[in-house]
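One letter stands for each residue in the lines below.
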Amino acid sequence: MQFDPNTDSGEIPQLIKNAIELGTWKAWRARFRSIEDQLSANPFMEAYLLQWYEVECAMQRMLTYQRQTGRMRRIRSADIATHRLLGFAAALTRVHERLSPTGAKKLESMVRGALTDKNQSLASVAFELAVITNLMHRKVDVICNDLEDRVHSGSGGTFDFLLRANGLEAEVECKTFGADIGRKIHRRRYYELSGRVRNALMSAVERKGSFLIDVTVQGSLTEAAEVRSIEALIISALEVGSDAPAEGPCSIAFHRVTLEGSPFDSRGGLFVMPDEEKIIEFIRTRFGFDNKNISAMGHPNSGFAFLVIRSRKPDTVADYILENLKDGSKQLSGR
């Protein structure tokens, strides 16, 4: 398989149409509704959803813009997520039309499955297509080994691509990793917990003023059941108004926070809510917590609650990535 990876802006409407048809409108619409439902239930999920469902969110914005204006967004003024969406749509079209009927149906199934499975996104499919596009720029011949089920005809491996160029052959197995791999505190669960305890935190701000609540889990926060148990402990500690020792899944400690001279001090004029990086830097400076799992909720007139979630156990990101790469290497033929 070889094709010209360059795309003219005039092709964009048809490429978007192709991507929708190959995934089916029903599957795309189900993903859009799922994202909207999650945001409606918990606004804290926005950052996570925009990252995990980058292609899907960009598609929804593209279609909304088209419906409102009657045209596609201009590529020169589009954001990076829109560029990635267009790259995905172009590569999907180019690859799909060059596969055998069996391979084409398998690719369609991959896209539909990624759109309808709540535990998946299009990220892994988009990554494989981006790899193919990269290789096309280098005039490499690509055989989609896995999609075409060539292992059954003697290729000797279940790897993704067989490459041919300048008399050489190489096998490629693609692996993608989410931001949570090897981390004790998963971002999805953290945002989920933040949304579930928001009302209790805001009620406590009205009684106590601004404070930070430091939640240290004994092990991990990766499952829904762990979110519910920690939620119950946080709410109980807020009602009692005291620290909770590490007798259960987590310990809880309260710290008073003064806002004077901070990004949350509204005395300087019009208040603008600090972004995530500024919140993290503020907490690092005040309390020494070097932690990404920090959120702030409140209003300068009433005060703010800061929620920090961390684990007593260290992350093992590199270990998990290495283990996945070792597993992936088993799919190569060895030749």
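Scoring rules and cut-offs
Residues numbered from 1 in each chain as written. Predicted model: local features only at pLDDT ≥ 70, side-chain atom pairs only at ≥ 80, totals over all residues. Heavy atoms only, no water. Pairing = 2+ DSSP bridges. Helix = DSSP H or I, 4+ residues; strand = E, 2+ residues; numbered from the N terminus. Axes fitted to C-alpha atoms, helices over the stretch in contact; angles between N-to-C directions. Expected span 1.5 Å × (residues − 1). Buried < 20%, exposed > 50% of the residue type's maximum accessible area, 1.4 Å probe, protein only. Phe/Tyr/Trp six-rings, centres within 6.5 Å; stacked < 30°, edge-to-face > 60°. Lys NZ or Arg CZ within 6 Å of the ring centre and 35° of its normal. Salt bridge = Lys/Arg side-chain N within 4 Å of Asp/Glu carboxyl O. Contact = heavy atoms within 4.5 Å.

**Student:** Explain the sheet that holds strand E2 (residues 161-165) to me, please; I cannot follow it from the model alone.
**Tutor:** Backbone-to-backbone hydrogen bonds pair the strands of a sheet. The strands run either parallel or antiparallel. Spatial strand order, E1-E2-E3: 3 strands in an open sheet with antiparallel pairing. Each having just a single partner strand, strand E1 (141-144) and strand E3 (168-172) make up the two edges of the open sheet. Ignoring which end each strand starts from, the neighbouring axes of this sheet average 20 degrees apart. By the bridge criterion, 4 bridges tie E1 to E2 in an arrangement that is antiparallel. Within E2, the position partnered with aspartate 141 by the bridge is arginine 164.

**Student:** How should helix H1 (residues 12-23) be read in this particular structure?
**Tutor:** Because the α-helix completes a turn every 3.6 residues, residues three or four places apart line up on one side. If you check H1, its first and last C-alpha atoms are 17 Å apart, about what 12 residues at 1.5 Å a residue would give, namely 16 Å. Burial in H1 covers these residues: Ile12, Leu15, Ile16, Asn18, Ala19, Ile20, Leu22 and Gly23. Downstream of H1 by one or two residues, threonine 24 has phi in the positive range, about 80 degrees.

**Student:** Which parts of the structure should I look at to understand the packing of aromatic side chains?
**Tutor:** Any pair of aromatic rings gets described here by the distance separating the centres and the angle formed by the planes. A full pass over the atoms with the stated rule returns 11 aromatic pairs. Here the aromatic rings of tyrosine 190 and tyrosine 191 are separated by 5.5 Å at their centres, their planes lie at 55 degrees, and the arrangement is tilted. For the pair tyrosine 190 and tyrosine 191, one class covers both residues: buried. Seen in terms of ring centroids, phenylalanine 282 and phenylalanine 306 are 5.6 Å apart; in terms of plane orientation they differ by 50 degrees. Their pairing is tilted. With a gap of 24 residues between them, phenylalanine 282 in helix H10 (residues 276-287) and phenylalanine 306 in strand E7 (residues 303-311) connect regions that are remote in the sequence. Residue phenylalanine 282 shares its accessibility class with phenylalanine 306, and that shared class is buried. Cation over ring: lysine 208 sits above phenylalanine 254, and NZ or CZ is 5.9 Å from the ring centre.

**Student:** Can you walk me through the pattern of salt bridges in this structure?
**Tutor:** Between side chains of opposite charge, a pair can form as their charged atoms come close. The final tally for this structure, using the stated rule, is 19 salt bridges. A salt bridge links aspartate 149 to lysine 106, with the shortest nitrogen-to-oxygen separation between them at 3.1 Å. With aspartate 149 in the loop between E1 and E2 and lysine 106 in helix H6 (residues 101-116), the pair connects residues that are 43 residues apart, well separated along the chain. The class of lysine 106 is partly exposed, set by a relative accessible area of 26%.

**Student:** I would appreciate a short explanation of the pairing of E2 in the present structure.
**Tutor:** Inspection of the sheet shows E2 paired to E3 by 5 bridges, in the antiparallel sense. Opposite leucine 162, over in E3, you have glutamate 171 as the bridge partner. Between E2 and E3, which pair antiparallel and follow one another directly, the connecting turn spans 2 residues, one of which, asparagine 166, has a positive phi of 55 degrees.

**Student:** So what exactly am I meant to see when it comes to the sheet that holds E7 here?
**Tutor:** Taken together, the 4 strands give an open sheet; going across it, the order is E5-E4-E7-E6, and neighbouring strands pair in mixed fashion. Bordering the open sheet on either side are strand E5 (250-256) and strand E6 (294-299), each of which pairs with just one other strand. Strand-to-strand twist across the sheet, computed as the mean angle between neighbouring axes with direction ignored, equals 15 degrees. Direction of pairing for strand E4 (residues 211-217) relative to E5: antiparallel, over a ladder of 7 bridges. Residue pairing for E5: leucine 212 is matched across the bridge by histidine 255. Helix H8 (residues 187-208) rests against E4, E5, E6 and E7 of the sheet, and its axis sits at about 140 degrees to E7. Contacts between helix H9 (residues 224-240) and the sheet are confined to E4, E5 and E7, with E5 contributing the most and set at about 40 degrees to the helix.

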